[in-house]
4 protein chains.
Amino acid sequence: MSILIKGGTVITHELTFRADVYCENGKIAAIGEQLDVPADAEIIDASGQYIMPGGIDPHTHMQLPFMGTVAIDDFESGTAAAVAGGTTSIIDFVIPAPQQPLMEAYQQWREWAEKSIANYSFHVAITWWDESVKRDMGTLVNDHGVNSFKHFMAYKNAIMCTDEILVASFNRCLELGAMPTVHAENGELVYHLQQQLLDKGITGPEAHPLSRPPVVESEAANRAITIANTLGAPIYVVHVSASETVDAIRYAQNRGQRVYGECLAGHLVLDDSVYQDKDWDVAAAHVMSPPFRSKGHQEALWNGLQAGTLQTTATDHCAFCAEQKAMGKDDFTRIPNGTAGVEERMPVLWQKGVNSGRITANEFVAITSTNAAQVFNVYPQKGAVMVGSDADLVIWDPEAKKTLSVRTHRSRVDFNIFEGMEVTGLPVCTLVNGKVVYRDGQVIGQAGDGQCFDRPAYGQY
Amino acid sequence: MSILIKGGTVITHELTFRADVYCENGKIAAIGEQLDVPADAEIIDASGQYIMPGGIDPHTHMQLPFMGTVAIDDFESGTAAAVAGGTTSIIDFVIPAPQQPLMEAYQQWREWAEKSIANYSFHVAITWWDESVKRDMGTLVNDHGVNSFKHFMAYKNAIMCTDEILVASFNRCLELGAMPTVHAENGELVYHLQQQLLDKGITGPEAHPLSRPPVVESEAANRAITIANTLGAPIYVVHVSASETVDAIRYAQNRGQRVYGECLAGHLVLDDSVYQDKDWDVAAAHVMSPPFRSKGHQEALWNGLQAGTLQTTATDHCAFCAEQKAMGKDDFTRIPNGTAGVEERMPVLWQKGVNSGRITANEFVAITSTNAAQVFNVYPQKGAVMVGSDADLVIWDPEAKKTLSVRTHRSRVDFNIFEGMEVTGLPVCTLVNGKVVYRDGQVIGQAGDGQCFDRPAYGQY
Amino acid sequence: MSILIKGGTVITHELTFRADVYCENGKIAAIGEQLDVPADAEIIDASGQYIMPGGIDPHTHMQLPFMGTVAIDDFESGTAAAVAGGTTSIIDFVIPAPQQPLMEAYQQWREWAEKSIANYSFHVAITWWDESVKRDMGTLVNDHGVNSFKHFMAYKNAIMCTDEILVASFNRCLELGAMPTVHAENGELVYHLQQQLLDKGITGPEAHPLSRPPVVESEAANRAITIANTLGAPIYVVHVSASETVDAIRYAQNRGQRVYGECLAGHLVLDDSVYQDKDWDVAAAHVMSPPFRSKGHQEALWNGLQAGTLQTTATDHCAFCAEQKAMGKDDFTRIPNGTAGVEERMPVLWQKGVNSGRITANEFVAITSTNAAQVFNVYPQKGAVMVGSDADLVIWDPEAKKTLSVRTHRSRVDFNIFEGMEVTGLPVCTLVNGKVVYRDGQVIGQAGDGQCFDRPAYGQY
Amino acid sequence: MSILIKGGTVITHELTFRADVYCENGKIAAIGEQLDVPADAEIIDASGQYIMPGGIDPHTHMQLPFMGTVAIDDFESGTAAAVAGGTTSIIDFVIPAPQQPLMEAYQQWREWAEKSIANYSFHVAITWWDESVKRDMGTLVNDHGVNSFKHFMAYKNAIMCTDEILVASFNRCLELGAMPTVHAENGELVYHLQQQLLDKGITGPEAHPLSRPPVVESEAANRAITIANTLGAPIYVVHVSASETVDAIRYAQNRGQRVYGECLAGHLVLDDSVYQDKDWDVAAAHVMSPPFRSKGHQEALWNGLQAGTLQTTATDHCAFCAEQKAMGKDDFTRIPNGTAGVEERMPVLWQKGVNSGRITANEFVAITSTNAAQVFNVYPQKGAVMVGSDADLVIWDPEAKKTLSVRTHRSRVDFNIFEGMEVTGLPVCTLVNGKVVYRDGQVIGQAGDGQCFDRPAYGQY
Ligand SMILES: [Zn+2]
Ligand SMILES: [Zn+2]
Ligand SMILES: [Zn+2]
Ligand SMILES: [Zn+2]
Ligand SMILES: [Zn+2]
Ligand SMILES: [Zn+2]
Ligand SMILES: [Zn+2]
Ligand SMILES: [Zn+2]
C-alpha cells in the first residue's frame, strides 16, 4: 500500500514548504517535489491544502468505567470521531481500581483498545500503593512501552492519591525515566465544598463549579510541582483550566524546573455560564472536572499556549449521554463527569487559534501534535512530517467550512459542547499508518486499523 | 504606683512627637508636655531617648516539651530575657499531645506561665481532631480569650495536621472569629528527604537544610492559604523564611485575600552557611525549622516587611543547650529544633533595619509591636502609646551600643545565634503594666509581674 | 465657636470606638465619653452615626484653564460639592504654562482659591525647565508649604516633560524633600495613536480609549518609577487606572522601593463601554485621561487598594459642560479631558467598597483621607480624629440612602458619571476647621471658609 | 568539493541521531547511514563526536569605529576567532553616523566584511530620522536582505534614539516585515549617573556598573516592548543582562506579545566583581554596556534561556586593547565599551550549560544557532542539519579539554574575559559553506570564504 499526496503544502511545528509526501508501508518514505514513486501508488490530490502531522490527543477516556456507569464511546466509536477530526493517535488511561493489580488493568484496557481505528497508547493511573504497584510500574515501563503515570489528586474516598503516594510514585517514575502526570484538584477541599453545597440544598449542576473553584486546582498543581521539584522529577499537569494554574506552572518554569501543561479545547473556548442553563440536561452535559471557568481564564490559557507555558492540547474525551448524566439528578456530585470533543479539537483550535491570529499554523501543529509527541517521547516517530516517521497525517483544507453539531458528529454521545460553532478549516483526509481512514466526510477506517505504540522511557527533559 | 517618663520622644507605628508619658495603675494615663502629675510619681528621665510600645513577640516556646526534652528557658528566664530586650508581651503556644484534651493542655500551660515577668497569651495548637477538640476551641475562644489556633503542616507521625484536619479546623476558626495559623512545611516531603539523606549516610546538621528546602515551605503556605481562601477565613503564616513563601503570600494578598505573614529575627540576618560549621555543636545550635536559608532569602524577607507583605517579627524562641542538641549526634532528625532570640529581636531589627535605612523607626514599632497587636486583636490595649493603653513601654536609647553575646544574654541557653553582632540602639528601661522590670542592664521584674491577656475574637480582618 | 458631636462612633483608619468629639477654635479639643464642655457649645447629635476624618481629595482641578477652555467648577462651586460629599480638603494643581514663572502661576492659583469652602493646598506642575524653575521649586517648598510637584508624561507639544526634565526635577525634589508625582502616559505613543486614528477617520469619543491603551500608562509609570529608583527619590503615581500599572507599582514596592499610587472613584466603578454610547454628548462626557478601562481593570484597582499597593483615592475633578466638550465634535483629541466627582467619591467608595464587603470602614477612612494625609505629610493635622487635629470631620449616616444624579449634585457641570447609582451611607454633616459647612442636605459654608494648608517637606518615606 | 562526515551523532535543536552527513556544493546533500557518495569525497571521521549546526552569533561588531577608536578585530581576525569556536555565521551591525545616509554606511560595512572567513549578515542601526532613512530602510529590506534594524536607547548626545524615532522606526519595520531590535538602557539616566559619579570624583572602571544599574536596562526594554506592543510589531532585545529585564520580557510574552531576548556568554558567567579589580587594565577590560551584573542575575539569565523567555546567545564581540581602553584612564565614560568572546561563546555555553546539566545538548543547539536562524528568518537554510541546508557545521568533541586564555585565542585583543576557564567540549572541525575552515586547532579558512547571506522579511512572528 503506497500513497502519494501531491500538490499540498507541508506544515510542521516549525516549517511551511511546498512538497509532495510519499507513504509506503505505514511510513513516510519520501518528501519533496517531483518524487519518483511506483506507478501504482495511490495519488491523493492536496492542491491548496495543508499536509500536517496527524493530531495526537494525549488525554482521552474511551469506554471508561466511572461513577457507576461506562463512557459511551468505546475505542471504535471514539477513534472514528478522532480520525474524522484529524487526530491519528490518542493516549488513553488505564485506571486500575484501588487494590487491582496494575498489570491486570493494563491487559484489560489493551484488549478493549484492539478495535481502535486510530493509534493508541496508555498512561497508567496510580490509584493505590504497595510493593506490587511499584514493581508493576517497572514492568510497564520496561516491557510495555508505558512512560507516564497518572495521579488523581481529587476524588476523595475513591482514587485520590495522598501526598505519601505522590511522593512514592513520583520517585518511582524518576527511577524509571517515566513522566508523572496529575489531575490537579485538592480533593479534600472539593469534598468539603460538595458537602457544604449539598447541606445548603444546592444540588444542581450550578453547584459543580462552586465546588471546584480555580484555586483548588492551582493549589494541587503547585503541590505536585513542588513534589516533583523536590525529587528532581519532571511533571505534567493535565487539563489546566485556571489562570492561577498557568501562573503556578510558569513560576516553576521560570526557576528552571521542567514542568509541562496541557489544556483542553473545551476550556479554551467555553466559560462557566453553561452551568446556568435552565435546561438541567444542558447544564449537566457540561459537568466535567475541572469545570469550565469564568471569563478571563480562557485568555490566560491561550496566552499560556502562545508563551510556551502550556505545551499540549487535549480533550479529556469522556462521553456520557443524558440518561447517564441523570444519575445525578438530585445530587450534582453523582453526575458522571465528562464531555466529548476528540473530533472537534483540531477544527476548534484552528478556528479560534489560527483564524483569529492568535497562533500561527506552525504553532497549531506544535500544540495539537508535535509537542505531545516530544513530551511523551515518540517524536519524530509521531508528530512529524519526516522521512521515516509514521505516516499519520492529516490533509487540511483551510477553506472548508462546517457548523459543529451533535447531528453530524461521530461520537455516540447525544450532546456537543461546541454545538453551533462555525469553523473554517477542516480535515479532508486522514491517514493512520499510511492508510486512509477518513476522506471526504466518511470514516473508512476499520476497527483494528489503529496500533498500540510504545513510548520509550527517558525522554528529553 | 505612678511613673512619669519625662523628656523623651514618643515613637509609634505612625507618629513621632515630643511628649512625656504618665503611667498609673498599669495604664498610660496621660501623654503630653508639662503634664500635671502627683508629686510622688516616680520620674524617669528619657531625654534623648525614644518611648515606644513594648515589643510583642507573637511566637515563643517557653519550657516546651519537644522531641524528647524540654526547652531550657522556662517562663521566668525566658521572659526575663524578653524584657531585657524590650519585649513586654509574648504569645506562646499550647501544644496538646495528640489525643490530649485541649482544655487540659491549656490549663497546664497557664500554670507554667504564672511566673512570667512579661505579659503573655496563648495560641493553641490543633494536633488532632474530634468533636471534643471542636467544642474546646469554642470554650477557649468564648471563655479564655484565645483567638488563634496553630496548625503544624510538618512533623509527620507526630503533630502534623492532614488537609482534612486543616479544613475542619480552619472552618471552626471561621465560625468562632478566630485566626488560623500554620507552621508551613510539607511534612511528607520533609520526611521523605530525611529518610533519603539518612539512607545516604548524611546524618549531620548539614543535612537539616537539605531536608527542608524552600519550596517545601512555600508549598505548604500556599496550601494553607488556598484552604483559607476557599473557606473565606483569614490566615497567618508563622516564621516565613523563604522568598518563595513571600511570593505565595503576596500573590494571594494581591487578589484581595487577607493573609498575614510573620518572620523571625534569625531568618532576617542569618544564612545557611551556619550549617557548614565544622564544630558540630555550632552547626547543631542553629538547627531550627524552617532552617536558615541561602543568601538572597534575607533580602526577600526585608522587602516583604517593607512592602507590607509580612506584618510581624518574632523569634520562635525555643532554647536547647548543647547537651540537648547532642541527642541528635548520629541523626540530625533527632536534634531538638529550636533557637533562642527573644532578648535580641528588637536590637537586631533596629540595627539591621533602622540603622541601615531599610525601615523607619515608625516601621520598626509596627513590625515589632503594633502589627502583632492589630492582627491578634489587642490593639490599642497593646502596641500603642495612647491614653488608656496598657503601660507596656520600652525606653530606647538610639546611641547605646552593645555586642550581642552568650556571655551577657539572659536566656539559660549556652549559645547565641547573633554572637558578636554589634548593635547601636538598645532598651534602657522596660515597663510592664506600668512597672519597671528592666533598667540599666538589670532585670528587676519579679516572677508573676506578667499577666495573661485575653485576645477577643472577630478581629479587623 | 465650639461644637460637641455627641453619641457617635468614631472611625479612624485603624480604630472604631464610641466617643463624643469636642471641637474648639478649629481643632479637635477633646475625645471621650461624658466630656466636660462649655455650656454654650453647640451640640450635634450623632447617634447611630459615624464620626470620621473629613475626606481629602488629593487630585482636583478647579477652574483649570485647559485645552482652550476653563473647567466649569471654580473653587467655590467645586468645594461646595466637596463638602456636600464629606470631603474637607482638596489638593489642587498649579499648572504653569511653559515658560511661565512658577511663582507667578502659584500666586494666581492662590488667589483663585481664596473663595474655597473646603481647605486646600497645591501640587505645582513642572511643565518646563530652567534655573528659575529649579530655584522656584525651592521657594515653594521652603516658604509656601508645597511638598509635591507634578509631571505630565503625556500631552506632547504642550506640557509634556521629557525624560531629561523628569530626571532634573525628580532630583530637585529629592534635594528639597518633596514628592515627585506623575501623570503617567507615554505622550509619544498617545500622539502617534491619535494621529493614526484621525488618519483613519475615527474621530469620535470611541477613539479616545483606543489612543491611550493600558500599556501606554504602565510604561510611563514604570519609567517614572525607574527614574525615582535610580535617584533614590520616592514617587507618587496619580490616577492609576490599569492593572498593568498596579503590577508595575507592586513590582517596585516588592523590591523595597517607596512608590505610592492613587486611583480615582470613576476608574474603580466605570468601564470603557461608556465610550460606545450612541449619544455623542454622553460618550464625550466621559472623556478623561487616562480613559475608563475594560472590565477586569476595576477589580485590579480594588485589589490594589486592599493589598496596600495603592494608597489613595481621588477624583481628578475637572468638570466641563456639554458645550465645552463639543469643541471636539469633529476631533476627539480636542474634547476637553475631564470628569467631575468630588461630591460623589466618598459615597461611591462606601457603597462599592464597604457595603460590598471589599474593605472595612477603617480602610475606607484610610483610602479616602488618612493615607493622603500621611503621604503628603499633613498627618495627624489632617486625616485623623485626635486631640489637636484640625476639626475637619464628616458625620456619616450608614443608613442614609440617595440616588446619585446630575439633578441633585452641587457641581455646575451638566453630567454625572455616576448617574443613577443608589448608595447607602452618606455624609449628614461636614465640619471644616470646626465649622459646620454642610448639614442635612444643605451647604451652609461660605466662600472663604476654607484655608490654605501647608505641607512640610521631608515626609515619612 | 564534497565532504562526507562519517561516524558522528547529529544533534539538532530537537533531535539526536546517528548519521553521516554528506556536503556538496556548499549544501548538505544527504544525511543518513551508509550514504552513497562520490569516491573522491573527502572523508571526515566524526566517531564519538557530535555534528551540529554551526553557531550563529547574532551580535558582533568587527572593526567598529566607536568612541574615538576602532575595534581591533576586523572581519578577518574576528571571523577566524568565530570559526575556531564553532561559529559559522555572524550578524554584525551597520551603524551609520547621525546624518549619514544608511545606504552609504551599508556599502561601507559590506566592503569591510568581504574578507570574512565566516558567513555574515547585517542589522542596520537607526541613529537618526528623516524621510531618506525611512526610504532606505525599504531599500535595505527589499533589495539587500536586511530584515532587522537596531536602535540604541543609550548613548545620549551620540546615537541615542528618542521615543519619537523609536515610534517612527518600529512603525516602518512593521510595514516592511522587519524586526526592530534595541540596545535597552535609558540614556538620560545613564548620562545623569555618569555626571554625578564624575562630579563626585569617581572616575575609574568601578563607576561603570554604578552608572548603568539593572533598572536602567529593564526600563528601556519595557519601553521598547510597549512601543512594539502598541504598534503591533515584534521586538528583539539585545544583550539582556539583568533579571529585571527577563521579568519585563516574560511579562509581555505571558500576555501574548511576541518578544525575543538575547543574552551574552559573558553576562551568563561573569559578575560585577570584575570591576573591583585593583589592576585598572583588568577592570577596564571588562567595561562593556550593559555591564556585568551582581550575583543572582546570572541565574536569572540561565533560567530565562531554559524557560524559553530568552531565545538566543551572542557575544557583542567588540574588542579593544589595553592601549585603547586607556583612553578612559581619567574618565570611565571614555573607556571604549566592549569585550570579545566570539571564539569562546560555544565552549563556555557547553561547559556551563550542558556539562552542568542546566540544558540539554539539543537546547545548546537551539540557543547557539537554531533560534537565531528562526528569529532572523534564515531557518532552515541555517541553524539546521537538513538536506538542502547550508553546510555550515561544527563537529564537536564532547571530551576535548582546553583552558581558555588570551595566550591561545585567535582574536587580536590582549585580554580574555574567560581567562583560565577550563572547558570540556570543543569544536574540532568547522565547515562554512561546505568547506573546512577550522580543523585540529588550526584556522585553515581564507579571507573571503565567508559569504553575505540575505535574511528575508516577514519572518514567523
Ligand atoms: Zn481529570
Ligand atoms: Zn481525564
Ligand atoms: Zn514552627
Ligand atoms: Zn514555633
Ligand atoms: Zn492627569
Ligand atoms: Zn489631573
Ligand atoms: Zn549594545
Ligand atoms: Zn552591540
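Residues numbered from 1 in each chain as written. Chains lettered and ligands numbered in written order. Predicted model: local features only at pLDDT ≥ 70, side-chain atom pairs only at ≥ 80, totals over all residues. Heavy atoms only, no water.

## Things to note about the UniProt feature "domain: Amidohydrolase-related" (unreviewed entry) in chain A
Stage number 1. Under the UniProt annotation, the feature "domain: Amidohydrolase-related" (unreviewed entry) is placed at residues 50–437 of chain A.
Stage number 2. Structurally, residues 50–437 of chain A is divided into 37% helix and 20% strand, and its ends, taken at the C-alpha atoms, are 17 Å apart. (UniProt positions renumbered as here; feature names shortened; annotations may be inferred. Helix = DSSP H or I, 4+ residues; strand = E, 2+ residues; numbered from the N terminus.)

## Points about the interface of chain B and chain A
Stage number 1. Every contact between the two is made by 26 residues of chain B and, on the other side, 26 residues of chain A.
Stage number 2. Of the roughly 2,200 Å² buried between chain B and chain A, counting both surfaces, carbon and sulfur atoms make up 60%.
Stage number 3. One can count six salt bridges joining chain B with chain A.
Stage number 4. Across the pair E164(A) and K156(B) runs a salt bridge whose closest N-O atoms are separated by 3.3 Å.
Stage number 5. There are eight residue pairs in polar contact (both at pLDDT 80 or more) connecting chain B and chain A.
Stage number 6. Of all elements in the fold, only α4 (163–176), α5 (187–199), α7 (214–231) and α8 (243–253) of chain B reach the threshold of two or more residues within the side of chain B that touches chain A. (Contact = heavy atoms within 4.5 Å. Buried area = accessible area lost by both parts, 1.4 Å probe. Salt bridge = Lys/Arg side-chain N within 4 Å of Asp/Glu carboxyl O. Polar contact = N/O pair within 3.5 Å; in protein donor to acceptor, adjacent residues only side chain to side chain.)

## A word on the relation of the copies chain B and chain C
Stage number 1. For the pair chain B and chain C, the relating rotation is 180°, the translation along its axis is 0.0 Å, and the fit reaches an RMSD of 0.0 Å. In the structure described here, the two chain copies are related by an operation that fits a two-fold rotation axis. For chain B, the residue whose C-alpha comes nearest the rotation axis is G308(B), separated from it by 3.7 Å.
Stage number 2. In this assembly, 100% of the residues forming the interface of chain B have copies in chain C that are likewise at the interface, indicating an isologous arrangement. (Least-squares fit on C-alpha atoms with pLDDT ≥ 70 in both.)

## Focus on the arrangement of the chains
Stage number 1. Here chain A and chain C are not in contact; the least distance found between their C-alpha atoms is 8 Å.
Stage number 2. At the level of C-alpha atoms, the two units chain B and chain D stay apart, their nearest approach being 8 Å.

## Observations concerning unusual backbone geometry
Stage number 1. Geometrically, the link from S289(A) to P290(A) is a cis peptide bond, its omega value of -5° lying close to zero.
Stage number 2. Tracing the backbone through its elements, the reader meets P290(A) in the loop between α10 (280–285) and α11 (297–306).
Stage number 3. In this model, Y379(C) is joined to P380(C) through a cis peptide bond whose omega is 5°.
Stage number 4. As for its placement among the helices and strands, P380(C) is situated in the loop between α14 (361–375) and β18 (393–403).
Stage number 5. The backbone of Y458(B) sits at a positive phi, close to 60°, despite the residue not being glycine.
Stage number 6. Within the element layout of this structure, Y458(B) appears in the segment after β21 (442–443).
Stage number 7. Looking at Y458(B), the relative accessible area reads 57%, which means it is exposed.
Stage number 8. Positive phi, normally seen in glycine, also occurs at D316(D), with a value near 55°. (Buried < 20%, exposed > 50% of the residue type's maximum accessible area, 1.4 Å probe, protein only.)

## Comments concerning the sheet that holds strand β19 (residues 422–432) of chain A
Picture the strands of a sheet paired through backbone hydrogen bonds; they go either parallel or antiparallel.
All names here are of chain A.
Stage number 1. Taken in spatial order, the seven strands line up as β3-β2-β7-β18-β19-β20-β21 in an open sheet, and their pairing is mixed. Each edge of the sheet is formed by a strand with only one pairing partner; in this case those strands are β3 (16–18) and β21 (442–443).
Stage number 2. Summarising the sheet, strand β2 (residues 9–11) and strand β7 (residues 50–53) pair through two bridges and their orientation is parallel. What sits directly across from V10, in β7, is I51.
Stage number 3. Docked against the sheet, helix α14 (residues 361–375) engages β2, β3, β7 and β18 (393–403), running at close to 35° with respect to β7. (Pairing = 2+ DSSP bridges. Axes fitted to C-alpha atoms, helices over the stretch in contact; angles between N-to-C directions.)

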